[in-house]
Amino acid sequence: MALLSQIGKQGFQDLLWRCQMLWPVMRCQQLFAVSFSISHKEKGSYSSFMTSSSTTLRVDPKGNDAFPNRTRSEIDSEEEKVWDEETKDVSEGKPHFSSSVGSPKKQLMSQVLSRHSFTNVQPPEKPLQAEEWNTLRESFQSPNVFEEVMLNSMLRCNSPIDVAKSLLNHVARSRGDIAYNLLVKYLALCVQQRQVSEICDVYDIMKIRFKILENGAYNLLIRGLSNSDQWRMALTLLEEVKKTMVPSRTNYECCIKAAGRHQEMHLAFGLYQEMLAKDLAPTLDVLQAFFDFSRGMKSAELQKELFGILLYLRENQIYPHRTFMRSIKLWFESIPGGNWRGHLTNIKDSGHCPVCNHRLEDSDLSEEEYNNLRERIIRDVIHGTDTYRKTSPQEFEAFQTFVKSRLPFDIVIDGLNVSHIKPKRMQCENLFDAVNCLARENARLLVLGRKHMLTNSSNWKREIMKEIQNKAEFFFAENISEDDAFLLYATLQSGKHCKFVTRDFLRDHKACLSDSVTRHLFRKWQRGHQIAFSHSVEGKRIKFLPALRYDCVVQTTGDTWHIPYKDTFDEKYSYEIPRKWLCLQQK
């Protein structure tokens, strides 16, 4: 500070411009800062990388470093589990941009770094002297990316903060600058170890040094601060992000959880509604958090919001996993004066709940709904999209003629899709078993195949294919053709009773439907007509689960809720419908 007073404000600004570094500045607490004292004779003869939470790591004119002793920080296991993809990008060396380090050559080096994991690099266990860092760098196979690789390794090994700090101190002394991407990696290590004061100080450096921060840095800052007593600062950062970009789902969810942990549920739900308005789909993790944080609270408004989450699950055909289901059950049972009781059950084939004897909604569409859906799919999905990019008008017309001359079918099978059910077996054997299983009740089957299935190859034996063709009708499309449109057309033209077999979720086709009512009908029709492959079979034979007569979505009558759930966590959409239910009754 004495030197700052000597050179004056203008001199300070000139020095900041020349060195692209920070002098310590005054604020309510001491900044994490990189400070330089540069003599006229020997520029860079003395430098330090200093933080408010630890001793300055000094480099004297002779190059002898002195380091404080610190122990390795422990990581909360839950935080490791939810470490998001943006943070992983930092440790994998994916390129970042900055105002001071943006040359094509350096960006190319970052891309090279992302292609080489350098997983065998082990960071030192304690801070090193300048000479030791130099020796390591010179012996490294790619010296130009040494610092990035070393910081990535420190992230992977969860190295002590002081080890990383000694590396940055060495970089500052030797180069007169610390690149943006190195600061981001150091920030990631601070977030990983929940070093809140360090996170705040790195942010103070970055917001002064760089005109803008990219999304990865904001994700780290918001994540790190939201898990601390400085969580409101994360809200400020979220507002800052909104000025230049749409905040990420991770940004919102960190802030939502922070508000929930501090029982500010009105704020949490406000952020949640903001997410939905920006078409950011919430994770199951944050939806579960709402029920966990709301347990035992008595509020009609809060109850309405949580019921809204359950309806969101219904509208989007989202199935909670077992732990999420348990959180829902505990919240219902904790409502003061609510008298809710939950039981786990399996719904009968008739659609009746064994616990409350309530009959679930039917999966069938009315005649009017079915006819409207069929017309809309043929118009919007089959004729209104890029169907002819993957087939030809002539081929599809031939298929339509083929189907009309053989209607109706009971089951339509995506042959190529089904042939991959058991990857260790020949594809023709998988298809043979599937057709045998589905044809047991004299069902009329249509198998959609490809012309390459008729060649006598290692996966498609001619004798087996001939035997299959005796049990089902076949239509062999060109090898490049897309068969989803064929599948939908044949199934819908066969009538309400016809089912179909494919492991595809058909999300793209639902998205082609222009209004939400029709998309809802399509999903309901799909749930009641798509036959699922059974994963719990023993031996080599293929088995299928029959399509359900009742609708497998969250549903309520006011004094009951029925919620289908899965045993395992799965963020991805799936065509598979769970068979386990939570029944909630209000006594």
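Residues numbered from 1 in each chain as written. Predicted model: local features only at pLDDT ≥ 70, side-chain atom pairs only at ≥ 80, totals over all residues. Heavy atoms only, no water.

Draft legend 1. Focus on the sheet that holds strand β8 (residues 473-477). The strand order across the open sheet built from six strands is β8-β7-β6-β9-β10-β11, with neighbouring strands paired in mixed fashion. A strand with exactly one partner marks an edge of an open sheet, and here the two such strands are β8 and β11 (544-545). Sheet contacts for helix α20 (residues 427-438): β6 (411-414), β7 (445-450), β8, β9 (499-501), β10 (530-533) and β11; angle to β7, the most-contacted strand, approximately 165°. (Pairing = 2+ DSSP bridges. Helix = DSSP H or I, 4+ residues; strand = E, 2+ residues; numbered from the N terminus. Contact = heavy atoms within 4.5 Å. Axes fitted to C-alpha atoms, helices over the stretch in contact; angles between N-to-C directions.)

Draft legend 2. Examining the packing of aromatic side chains more closely. Overall, the coordinates contain 27 aromatic pairs when judged by the stated rule. Here the aromatic rings of F307 and W331 are separated by 6.0 Å at their centres, their planes lie at 85°, and the arrangement is edge-to-face. Taken together, the residues F307 in helix α15 (residues 300-315) and W331 in helix α16 (residues 322-334) connect sequence positions 24 residues apart. A connected cluster of aromatic rings, assembled from ring pairs, spans F291, F307, F324, W331, F332, W340 and W561. (Phe/Tyr/Trp six-rings, centres within 6.5 Å; stacked < 30°, edge-to-face > 60°.)

Draft legend 3. Focus on the pairing of β6. Residues I411 and I413 point to one face of β6 and V412 and D414 to the other, with burial holding for every one of them. Alignment of β6 against β7, held across four bridges, turns out to be parallel. Bridge pairing in β7 links I413 to V447. Where β6 and β9 come together, three bridges link them in parallel fashion. Looking at the pairing, I411 lines up with K499 of β9. (Buried < 20%, exposed > 50% of the residue type's maximum accessible area, 1.4 Å probe, protein only.)

Draft legend 4. Region of interest: the environment of C437. In this fold, C437 is placed in helix α20. Residue classification places C437 among the buried positions, given a relative accessible area of 16%. Along the backbone, C437 and R541 are 104 residues apart, and their C-alpha atoms lie at a distance of 8.8 Å.

Draft legend 5. Broad picture of unusual backbone geometry. With omega at -5°, the peptide bond leading from L407 into P408 counts as cis. Phi at N339 is positive, roughly 55°, even though this residue is not glycine. You can see N339 is positioned in the loop between α16 and β5 (340-345). Of note in the backbone geometry, N357 takes a positive phi value of approximately 65° without being a glycine. Mapped onto the fold, N357 is located in the loop between β5 and α17 (367-382).

Draft legend 6. Fine view of the pattern of salt bridges. Scanning the entire structure with this criterion turns up 24 salt bridges. Residues R376 and D515 are paired through a salt bridge, measuring 2.8 Å at the closest nitrogen-oxygen approach. Placement of the pair is R376 in helix α17 and D515 in the loop between α23 (507-511) and α24 (516-529), with a sequence separation of 139 residues. Residue E473 pairs with R406 through a salt bridge whose shortest N-O separation is 3.4 Å. Taken together, the positions of E473 in strand β8 and R406 in the loop between α18 (393-404) and β6 put the pair 67 residues apart, joining distant regions of the chain. Classification of E473 as partly exposed rests on a relative accessible area of 28%. (Salt bridge = Lys/Arg side-chain N within 4 Å of Asp/Glu carboxyl O.)

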